[in-house]
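Spelled out from the first residue to the last, the chains are:
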Amino acid sequence: MLIVAHRGGNPDDIENSAAAFRHGVEIGADLLECDLQLSASGEIVVYHDTEHFGAPIRNFTTDELRGLIPTILTLDELLALLEDIGPETRLVLDLKDRDVDRALEPYLQDSELRQRSLVTSTFSFGLLRLRRAFPDLRTGLSRGAIFTRVPRWIRPLAIATVGRATSMIAIIHLKVFGIDTAVVQHHLVDGGGIGRFHRRGIRVYAWTIDEPARATRLQDLGVDYLTTNVPARMIEHFKNQ
């Protein structure tokens, strides 16, 4: 099972910042996850929320975003940073809007970057376009965010009620769009679901897990990727098992 540093994976630093990504490299996370969006000036910026105080990120130029969010990186800056500190670092590039796949395509002309990247998104057509351009690109379709908005006390019942149907619908979707990885909210992951994915050649990427006991359970079930905000803790946990 591969440990993915969620947004750099350092709770002591601002997510998606240079300091967070540096931390992820230094502790030896298997992959760094980062969120990609387009600014109004056309650069890809590394930032999770699609709005800043109610205004869409895509409404701001990169320079304006720097004034508002001093730690924000462009994709070019992130790649330059990794070239200095971890040139072989594998990445999860999570596309947060519908158009960023087109801006990402020139970067993926670099076969070395392509080989060490998993591109994920909730937008299946963007992933399909990238797979058509780069048949060897690994892609992952993200599902299950709606369950994070379900109250905790009713979440197990909601998942038990629709979990199997959700995984079967996801399998159909993944196969139709040629996507090879299911990126699943971890409460939706169970042994039966993982088996259904694996039998069809689909890997399972579970997010976001910060409790070691749950991480061990997911490893035992056969999860391929585990995303966490505390990768250093998870790496130490599995080392001591």
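J.: How do you make sense of the overall build of the protein when you look at a structure like this?
T.: Helix and strand content of the protein: 10 helices and 12 strands. Over its C-alpha trace the protein gives a radius of gyration of 17 Å, about what one expects of a compact globule, namely 18 Å for 241 residues. Principal-axis analysis of the C-alpha atoms places the extent of the protein at approximately 45 × 40 × 35 Å. Looking at the protein as a whole, 50% of its 241 residues are labelled buried. Pairs at least 24 apart in sequence give 57% of the contacts found in the protein among residues at least 6 apart. For the protein, the accessible area works out to roughly 11,400 Å², and carbon and sulfur atoms hold 53% of it. Taken together, the 28 basic and 32 acidic charged side chains of the protein have centroids lying 11 Å from each other.

J.: What am I meant to see in the side chain of glutamine 37 here?
T.: Relative to the helices and strands, glutamine 37 is located in strand β2 (residues 31-38). A distance of 3.3 Å separates the side chain of glutamine 37 from the backbone oxygen of histidine 48, its partner in a polar contact. Polar side-chain contacts of glutamine 37 include one of 2.8 Å to the backbone oxygen of aspartate 49.

J.: Explain the packing of aromatic side chains to me, please; I cannot follow it from the model alone.
T.: Each aromatic ring pair is characterised by the separation of its centres together with the angle its planes make. Under the defined criterion, the tally for this structure stands at two aromatic pairs. Seen from their ring centres, phenylalanine 125 and phenylalanine 177 are 5.0 Å apart, and the 90° between their planes marks the pair as edge-to-face. Taken together, the residues phenylalanine 125 in helix α6 (residues 124-133) and phenylalanine 177 in helix α7 (residues 155-177) connect sequence positions 52 residues apart. Measuring from centroid to centroid gives 5.4 Å for tyrosine 205 and tyrosine 225, while their planes differ by 40°, and the two rings are tilted. Highlighted residues: tyrosine 205 in strand β11 (residues 203-207) and tyrosine 225 in strand β12 (residues 225-228), separated in sequence by 20 residues.

Conventions and cut-offs
- Residues numbered from 1 in each chain as written.
- Predicted model: local features only at pLDDT ≥ 70, side-chain atom pairs only at ≥ 80, totals over all residues.
- Heavy atoms only, no water.
- Helix = DSSP H or I, 4+ residues; strand = E, 2+ residues; numbered from the N terminus.
- Rg over C-alpha atoms; globule rule 2.2 N^0.38 Å.
- Buried < 20%, exposed > 50% of the residue type's maximum accessible area, 1.4 Å probe, protein only.
- Contact = heavy atoms within 4.5 Å.
- Areas by Shrake-Rupley, 256 points an atom, 1.4 Å probe, with all protein chains shown as cover.
- Lys, Arg positive; Asp, Glu negative; His and termini not counted.
- Charge placed at Lys NZ, Arg CZ, Asp CG, Glu CD.
- Polar contact = N/O pair within 3.5 Å; in protein donor to acceptor, adjacent residues only side chain to side chain.
- Phe/Tyr/Trp six-rings, centres within 6.5 Å; stacked < 30°, edge-to-face > 60°.

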